[in-house]
Amino acid sequence: MPDPTGPLQGRTAVVTGASSGIGRAVALRLAAAGAAVVPAARRAARLEELAGSIREAGGVVTPQPTDVTRREEVEALAEVATSTYGSLDIWVNNAGVMPLSPLVERRVEDWIQMVEVNINGVLYGLAAALPAMREAGAGHIVNVGSLAGRRPFPSGTVYSATKFAVRALSWGMHLELGADENIRVTDIQPGVVETELFSHIPDEASRQGFLETWKDRASLQPDDVAHAVLHAVSAPAHVSVSEILLRPTAQPT
Ligand SMILES: NC(=O)c1ccc[n+]([C@@H]2O[C@H](COP(=O)([O-])OP(=O)(O)OC[C@H]3O[C@@H](n4cnc5c(N)ncnc54)[C@H](OP(=O)(O)O)[C@@H]3O)[C@@H](O)[C@H]2O)c1
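Residues numbered from 1 in each chain as written. Predicted model: local features only at pLDDT ≥ 70, side-chain atom pairs only at ≥ 80, totals over all residues. Heavy atoms only, no water.

A. Spotlight on the pattern of salt bridges. Evaluation of the coordinates by the stated rule reveals 14 salt bridges. Here Arg29 and Asp223 are joined by a salt bridge, their closest N and O atoms 2.8 Å apart. Here the residue Arg29 occupies a position in helix 1 (residues 21-32), and Asp223 occupies one in helix 7 (residues 222-233), the gap between them amounting to 194 residues. A network of salt bridges, in which partner residues are shared, links Arg43, Arg46 and Glu196. (Salt bridge = Lys/Arg side-chain N within 4 Å of Asp/Glu carboxyl O. Helix = DSSP H or I, 4+ residues; strand = E, 2+ residues; numbered from the N terminus.)

See the structure below:
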């Protein structure tokens, strides 16, 4: 049940990659805190199911099917948020893919897809959110980076590079948009989270390696990450939570 005195009452939040995992949990948590939420992803049926859960709990939601690699669709996403709710206060760039494989396999299509979704998707999100936030004189952009944005790992070189890029972009956004535009920026950097991300790893050895390593360990749950996002976006206006690194206690590196 959304809290009528919740910290996000009267605010509008766009969440990309909201059809599963972390994005879904973030959409649920922001809605429960009082925000009107516009969840986006490609799988429309999943978004409708999420919207049903939010409405059932008394929340406000407008799902918008979106491919973040298509700039015009991301612009349309911002337009839906502002025209439906009159503001665009929070934009969570969460959509991401992680088709891990060793570099020597030369899966160039997978490398490009990671760049398209994990980097270009963030750039399109930034471009789409900026006009409304600048006009309002305030806003908050949350980028879901990764612990991998701090150190590469075998089979994860390109994925890691995209998350290093997210970290650099987040840092630069704070420099350019923080003091001058009153737009706060947060880079959320989770370690291993139990989501569908790993099931899409095409390289059999990489996928099995992950599953084997984590079969007896407690990974983070999507709502653990959503909790960190809520912490950042509900901080007082003069507080900019720049980065949150969170990982399973059982993840040593
Ligand atoms: N799980 C982890 O251990 C972990 C750790 C650190 C960081 N992360 C990051 O967390 C974010 C969310 O991942 P997750 O773990 O929650 O995985 P997930 O359950 O697989 O969710 C990924 C989301 O991204 C969406 N997506 C993929 N391509 C898209 C596109 N072209 N356009 C729009 N949406 C797209 C998917 O929706 P559709 O397929 O419906 O489009 C889905 O909603 C990613 O940025 C990931 O890199 C995850």
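B. Examining the pairing of strand 1 (residues 12-16) more closely. Of all 5 residues in strand 1, 5 are buried; the element is thus mostly enclosed. Sheet topology note: the strand 1/strand 2 (residues 36-41) ladder contains 5 bridges and is parallel. Residue pairing for strand 2: Ala13 is matched across the bridge by Val37. Taking the sense of rotation as the criterion, the β-α-β connection linking strand 1, helix 1 and strand 2 turns out right-handed. Pairing analysis gives 3 bridges linking strand 1 to strand 5 (residues 90-93), with the strands arranged parallel. Counterpart to Val14 in the pairing with strand 5 is Trp91. (Buried < 20%, exposed > 50% of the residue type's maximum accessible area, 1.4 Å probe, protein only. Pairing = 2+ DSSP bridges. Right-handed = clockwise from strand over helix to strand, strands pointing away.)

C. Structural context of the packing of aromatic side chains. A full pass over the atoms with the stated rule returns 2 aromatic pairs. Aromatic side chains Phe153 and Phe210 sit 6.3 Å apart centroid to centroid with 85 degrees between the ring planes, which places their arrangement in the edge-to-face category. Taken together, the residues span a long stretch of sequence, with Phe153 in the loop between strand 6 (139-144) and helix 5 (157-181) and Phe210 in helix 6 (residues 204-214) at a distance of 57 residues. Ring geometry for Phe198 against Phe210: centres 4.7 Å apart, planes inclined by 50 degrees, an arrangement best described as tilted. Taken together, the residues span a long stretch of sequence, with Phe198 in the loop between strand 7 (183-190) and helix 6 and Phe210 in helix 6 at a distance of 12 residues. Chaining the aromatic ring pairs together yields one cluster made of Phe153, Phe198 and Phe210. Here the guanidinium or amino end of Arg217 rests over the ring plane of Trp214, the centre of that ring lying 5.2 Å away. (Phe/Tyr/Trp six-rings, centres within 6.5 Å; stacked < 30°, edge-to-face > 60°. Lys NZ or Arg CZ within 6 Å of the ring centre and 35° of its normal.)

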